[in-house]
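A closer look at the structure
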Amino acid sequence: MNNELITADLVDLDLRVPDRHAAVRGLAERLVTAGRVTDLEWFVADVAEREKQMATGMRGGIGIPHCRSAAVTAPTLAFGRCPEGVDFGAEDGPARLVFLIAAPEGGDSEHMSVLAALARRLVRAEFTRTLLEATEPSEIAEYVRREVSP
Amino acid sequence: MPQRRVTIASRVGLHARPAALFAKAVAAHPVSVRISKVTDGVAGEPVEAASVLGLMGLGAEHGDEVELHTPDVETGESVLDELVELLGRDLDAEPAG
């Protein structure tokens, strides 16, 4: 298994889904296929539990659902671009850029450093513009790996 | 320029619920407030305190010191007093407002 934080197969440039649950499920299915998550339902339930505590929608059209789960085998990011937008609970509207952050149970400091590094990039207009304009999944995977090094 | 330093009391650090509650409290005031993480006594690069994403990017954990500042000399002191008091509590143990 590839141990990079994010790979091209974990990027969906055209994620068209009715709601955030479907967005999380769509990206989680990619994590299962990539061998990063052992049990889809278990993982999706863990993410939903975390979302219930606090919405993960951020100003600027960003959603960052995340959780630590025993169903996760390696710290991983999956990315979905939603042309129609998906409501993640941000006050200024739906998210067009969705990052699903999956961390194994116990690996807590790494999880937080990935989240912090990603947040620092997401406040920069250049970073979000690159994500919105990229045409190839591999382009996004490489860019995010380069920018968000734990 | 009004400024304060305070140690993060929330057990989970300035993330998730504590970050959301704090950003909301900042946004309730008309003044601009910036926050930076203090490392070895030196304040790092400041971010907008009203931005949850900005706060998450700080990576301020339980026990870390942060510095708040605002350019507003008139009401800034009382605003910072309120915000410092907030960061000095375990916000994760309180219901979301």
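Let us look at the structure shown here. (Residues numbered from 1 in each chain as written. Chains lettered and ligands numbered in written order. Predicted model: local features only at pLDDT ≥ 70, side-chain atom pairs only at ≥ 80, totals over all residues. Heavy atoms only, no water.)

Here we look at the overall build of chain B
If you tally the helices and strands in chain B, you get three helices and five strands. Counting helices and strands in the order they occur from the N terminus, chain B gives β-α-β-β-β-α-β-α. In terms of overall size, chain B behaves like a compact globule, its C-alpha atoms giving a radius of gyration of 12 Å where 97 residues would be expected to give roughly 13 Å. Based on the C-alpha atoms only, the size of chain B along its principal axes is roughly 35 × 30 × 20 Å. The burial tally for chain B puts 44% of its 97 residues in the buried class. When contacts within chain B are restricted to residue pairs at least 6 apart in sequence, those whose partners lie at least 24 apart make up 74%. As presented, chain B carries roughly 4,500 Å² of accessible surface, and 53% of it is formed by carbon and sulfur atoms. Taking the average place of the 8 positive charges on the side chains of chain B and the average place of its 16 negative ones, the gap between the two points comes to 5 Å. (Helix = DSSP H or I, 4+ residues; strand = E, 2+ residues; numbered from the N terminus. Rg over C-alpha atoms; globule rule 2.2 N^0.38 Å. Buried < 20%, exposed > 50% of the residue type's maximum accessible area, 1.4 Å probe, protein only. Contact = heavy atoms within 4.5 Å. Areas by Shrake-Rupley, 256 points an atom, 1.4 Å probe, with all protein chains shown as cover. Lys, Arg positive; Asp, Glu negative; His and termini not counted. Charge placed at Lys NZ, Arg CZ, Asp CG, Glu CD.)

A few points about the overall build of chain A
Regarding its fold elements, chain A presents five helices and six strands. For 150 residues, the compact-globule estimate of 2.2 N^0.38 gives 15 Å, and chain A sits close to it at 14 Å. Structurally, chain A occupies a C-alpha span of about 35 × 30 × 25 Å along its principal axes. Counting only carbon and sulfur atoms, one obtains 46% of the accessible surface of chain A, whose full area is about 6,800 Å². The positive charge centre, built from 17 side chains, and the negative charge centre, built from 24, are 4 Å apart in chain A.

A short note on the pairing of strand E2 (residues 34-39) of chain B
All names here are of chain B. With two bridges connecting them, E2 and strand E4 (residues 47-48) associate as antiparallel partners. Looking at the pairing, Arg34 lines up with Glu48 of E4. Two elements, E2 and strand E5 (residues 65-69), share five bridges in a ladder whose sense is antiparallel. Each bridged residue has a counterpart across the sheet, and for Ser36 the counterpart in E5 is Glu67. (Pairing = 2+ DSSP bridges.)

Side note on the nonpolar core
If you look at the biggest cluster of nonpolar residues, it comprises 54 residues, and the most contacted ones within it are Phe43, Ile64 and Leu131 of chain A. Broken down by secondary-structure element, the contributors of at least two residues to this core are helix H1 (20-33), helix H2 (40-53), strand E5 (76-86), strand E6 (95-104), helix H3 (108-122), helix H4 (125-133) and helix H5 (137-147) of chain A together with helix H2 (52-58) of chain B. What Leu131 of chain A contacts, discounting residues up to four positions off in sequence, is Phe79, Arg81, Leu97, Phe99, Leu122, Ile140, Tyr143 and Val144 of chain A. One finds Ala23, Ala25, Leu68 and Leu86 of chain B within the second-largest nonpolar core, a separate group that totals 25 residues. (Core = buried A, V, L, I, M, F, W, Y, C linked by side-chain atoms within 4.5 Å.)

Structural notes on unusual backbone geometry
All names here are of chain B. With a phi close to 50°, Asp40 is a non-glycine residue in the positive phi region. Residue position: Asp40 is located in the loop between E2 and strand E3 (42-43). For Asp40, a relative accessible area of 77% corresponds to the exposed category.

Focus: the pattern of salt bridges
All names here are of chain A. Scanning the model with the defined rule gives 16 salt bridges over all chains in all. For Asp12, the salt bridge identified is with Arg30, shortest N-O distance 3.5 Å. Of this pair, Asp12 sits in strand E1 (residues 11-12) while Arg30 sits in helix H1, and the two are 18 residues apart along the sequence. Overall, the relative accessible area of 15% leaves Asp12 in the buried class. One connected set of salt bridges, linked through shared partners, spans Asp14, Arg16 and Glu84. (Salt bridge = Lys/Arg side-chain N within 4 Å of Asp/Glu carboxyl O.)

Thoughts on helix H3 (residues 76-87) of chain B
All names here are of chain B. Its twelve residues place the ends of H3 16 Å apart at the C-alpha level, agreeing with the 16 Å of an ideal helix rising 1.5 Å per residue. Residues Gly76, Val79, Leu80, Leu83, Val84, Leu86 and Leu87 constitute the buried set of H3. Summarising the axial view, the buried residues of H3 lie within an arc of 155°, below the 170-degree limit, and thus occupy one face. In this fold, the buried residues of H3 make contact with strand E1 (3-7), helix H1 (16-27), E2 and E5. (Expected span 1.5 Å × (residues − 1). Arc of directions from axis to C-beta.)

Considerations on the packing of aromatic side chains
All names here are of chain A. Counted according to the given criterion, the structure contains two aromatic pairs over all chains. Ring centres 4.8 Å apart and planes at 45° place the aromatic pair Phe79 and Phe99 in the tilted group. Here Phe99 lies in strand E6 and Phe79 lies in strand E5, a separation of 20 residues in the sequence. (Phe/Tyr/Trp six-rings, centres within 6.5 Å; stacked < 30°, edge-to-face > 60°.)

What about the environment of Val32 of chain A?
All names here are of chain A. In this fold, Val32 is placed in helix H1. Owing to a relative accessible area of 31%, Val32 belongs among the partly exposed residues under this scheme. Put simply, Val32 and Val47 are 15 residues apart on the chain and 14 Å apart in space, counted from C-alpha to C-alpha.

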